[in-house]
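# Inside the fold
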Amino acid sequence: MSDTQKLLRRAGEVLIQNYGRSPVVMARGEGTHVWDTDGRKYLDLFAGFGGAILGHCHPELVEAATAQARKLWHVGNALYSEPQIEFAERLKKHAFDGRAFFCHSGLEANEAAIKLARLRGLKDGGKKWKTISLMKSFHGRSLAMIAATGNPAVKDGFGPAVPGFANIDANDYGAIEAAVDDETCSIIMEPIQGEGGINVYPPGHVAKVRALCDARGLTLIFDEVWTGCGRTGRWFAHQYDGVTPDIMTLGKAVGGGLPVGVMFAVPEIAALLVPGKHGCTLGGNAICMAVSRTIFDVIERDDLVQHAANLGEAARAKFKSSSAVGSKVAEVRGRGLFIGIELAAEPVDFVAKSLAKGLITNITSKKVIRLAPPINISAAEWDQGVDRVIDLIASL
Ligand SMILES: Cc1ncc(COP(=O)(O)O)c(C=O)c1O
């Protein structure tokens, strides 16, 4: 029995099987590659659902974490620590003039955003507490976030939904406008939908939703958990739309693989979250913050936002023009290194076939291949990865 088989047997005895995992156990990583417990090497084109935005064991992130670990781990949020302040300054520099609340995950950031939007809508005797979210969206797995998420499968089996959420057709501006009533306080949307299939809205759509929120006094929340931190070829995907949200949420990449979530709100709205209204014991942990700060510094110094834009654009053009994939590909979508390749037919065991060829990829919405490599992948590695994905599609 191989090391992997032994570990898988032990896993079956101790881990809840709530993930559709492939039977591979990863042992170590370096850059854009990981190695399993049997020594097989994989090119990582998915970065752990986008978390490993700078790849595996990036030396500067390792150094930031270990230096901070030697200095100060955790003081709790009844006190301040420097790494939180330094990282929030970087968010403000690259996003907009906002104030940060730190937690551990995307869903927690979204929960905080919805609570804040409700506080705003209900203040001074107001009656606004409901949130509009979009079909095919994904916002997390808590009871409130499965209500916000526009995918029936995610809600199924958990009884009556948390009230106050309406899922509306994502691209139908008229329907979104019509869904706003006197009790609506906010709209939450991903600037590009991730789990729903890397869906980019029609031109002008996001700006129209911004204008609607302004006209009706709604809080606009952009869930940038997938799209943030340079992944899409802008620091934040909403920058493509020339608009700013009232609240932005981050997860995944913002911790580089460590558990970090951020709710980032404009000052007037952020000010409503007074002591006692919300919190997170380990949120903004000093080691995580030192890593997040360093991620932003490396992205800026190495111009990785533009790098992601360039590599992504070239790859989409290649997938679209490749005669090898021909009619097997229905559509290629995305921005930067956030790519969806919708196949004409549901593939059988695509992820297993890609792992067998030493590639980590992902499938969402049954037939959309998702690619989201570390954004510091070299042009040569990426070209090679794209060619290997093309070969894989051609062989289906
Ligand atoms: C857009 C979006 N929001 C929120 C979440 C939830 O993040 P987490 O799994 O960190 O709670 C996800 C996770 O995939 C996501 O894609």
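On a predicted model such as this, the values are computed, not experimentally measured, just so you know.

Moving on to helix H4 (residues 106-122). Over its 17 residues, H4 runs 24 Å from end to end, which matches the ideal 24 Å to within 8%, given 1.5 Å per residue. For H4, every residue scored as buried is listed here: Gly106, Ala109, Asn110, Ala112, Ala113, Ile114, Leu116, Ala117 and Gly121. One or two steps after H4, the chain reaches Asp124, where phi turns positive at roughly 55°.

Next up on the list: the sheet that holds strand E6 (residues 165-168). Pairing within the open sheet is mixed, and its seven strands lie in the order E4-E12-E11-E10-E7-E5-E6. Looking along the sheet, the strands with just one partner apiece sit at the ends: strand E4 (99-103) and E6. Adjacent strand axes in the sheet meet at a mean angle of 20° when their direction is disregarded. Looking at chain direction, strand E7 (residues 184-189) and strand E10 (residues 219-223) are connected through four bridges and run parallel. What sits directly across from Met189, in E10, is Phe222. Strand contacts of helix H3 (residues 82-94): E4, strand E11 (247-250) and strand E12 (261-265), with the helix running at about 125° to E4, the strand carrying the most contacts.

Before going further, it helps to spend a moment on the packing of H3 against helix H10 (residues 286-301). In contact at an axis separation of 8 Å, H3 and H10 are set at 35° when each is read in the N-to-C sense. The handedness of the crossing between H3 and H10 comes out as left-handed. From H3, Pro83, Gln84, Glu86, Phe87, Arg90, Leu91, Lys93 and His94 reach across to H10, where they touch Ala286, Met289, Ala290, Ser292, Arg293, Phe296, Asp297 and Glu300. When grouped by side-chain class, the residues that make up the contact of H3 with H10 number seven nonpolar, three polar and six charged.

Segmentation of the protein into domains returns domain 1 (3-58 + 303-394) and domain 2 (72-301). Between domain 1 and domain 2, the contact holds 29 residues from the first and 28 residues from the second. With both sides pooled, the region where domain 1 packs onto domain 2 buries about 2300 Å², and carbon together with sulfur makes up 64% of that total. Considering only the surface of domain 1 that becomes buried against domain 2, Val305, Arg335 and Phe338 emerge as the three largest contributors, covering 33% of it. One can count one salt bridge joining domain 1 with domain 2. The partner of Arg370 in a salt bridge is Glu195, with the nearest N and O atoms 3.0 Å apart. Between the two partners, domain 1 and domain 2, sit 16 residue pairs in polar contact (both at pLDDT 80 or more). At the level of secondary structure, the elements contributing two or more residues to the side of domain 1 that touches domain 2 comprise helix H11 (304-321), strand E13 (329-335), strand E14 (338-343) and strand E17 (368-371).

Here we come to the side chain of His33. For His33, the position within the fold is in strand E2 (residues 33-36). A relative accessible area of 16% places His33 in the buried class.

This brings us to the site of the ligand. By nearness alone, 13 residues border the ligand, and Gly106, Leu107, Asp223, Trp226 and Lys252 come closest of all. Between the ligand and the protein, one listed contact pairs an oxygen atom with a side-chain N or O atom of Lys252 at 2.8 Å. Here the ligand has 390 Å² of accessible area as a free molecule, and 82% of this is covered by the chains. It is H4 that provides the largest number of residues to the shell around the ligand, a total of three residues. Its residues assigned to classes, the shell around the ligand comprises four nonpolar, five polar and four charged.

Positionally, Glu268 belongs in helix H9 (residues 267-270). A residue is classified by how much of its surface remains accessible, and Glu268, at 59% relative accessible area, is exposed. Remark: the alpha-carbon pair of Glu268 and Gly98, spanning 170 residues in sequence, is separated by 9.1 Å.

All right, on to the packing of H11 against helix H13 (residues 379-394) then. The geometry of H11 relative to H13 is characterised by a closest axis approach of 11 Å and an angle of 25° between their N-to-C directions. In terms of orientation, H11 and H13 fall into the roughly parallel class. Crossing handedness for the pair H11 and H13: right-handed. Across the interface between the two elements, His307, Leu311, Gly312, Ala315, Lys318 and Phe319 of H11 pack against Ala379, Trp382, Asp383, Val386, Asp387, Val389 and Ile390 of H13. Taken together, the residues of the contact of H11 with H13 sort by class into eight nonpolar, two polar and three charged.

How each quantity is defined
Residues numbered from 1 in each chain as written. Predicted model: local features only at pLDDT ≥ 70, side-chain atom pairs only at ≥ 80, totals over all residues. Heavy atoms only, no water. Helix = DSSP H or I, 4+ residues; strand = E, 2+ residues; numbered from the N terminus. Expected span 1.5 Å × (residues − 1). Buried < 20%, exposed > 50% of the residue type's maximum accessible area, 1.4 Å probe, protein only. Pairing = 2+ DSSP bridges. Axes fitted to C-alpha atoms, helices over the stretch in contact; angles between N-to-C directions. Contact = heavy atoms within 4.5 Å. Left-handed = near helix turned anticlockwise from the far one by under 90°. Nonpolar A, V, L, I, M, F, W, Y, C, P; charged D, E, K, R; others polar. Domains from an automatic or database assignment. Buried area = accessible area lost by both parts, 1.4 Å probe. Salt bridge = Lys/Arg side-chain N within 4 Å of Asp/Glu carboxyl O. Polar contact = N/O pair within 3.5 Å; in protein donor to acceptor, adjacent residues only side chain to side chain. Near = heavy atom within 4 Å. Areas by Shrake-Rupley, 256 points an atom, 1.4 Å probe, with all protein chains shown as cover. Parallel < 35°, antiparallel > 145°, perpendicular 65-115°, else oblique.

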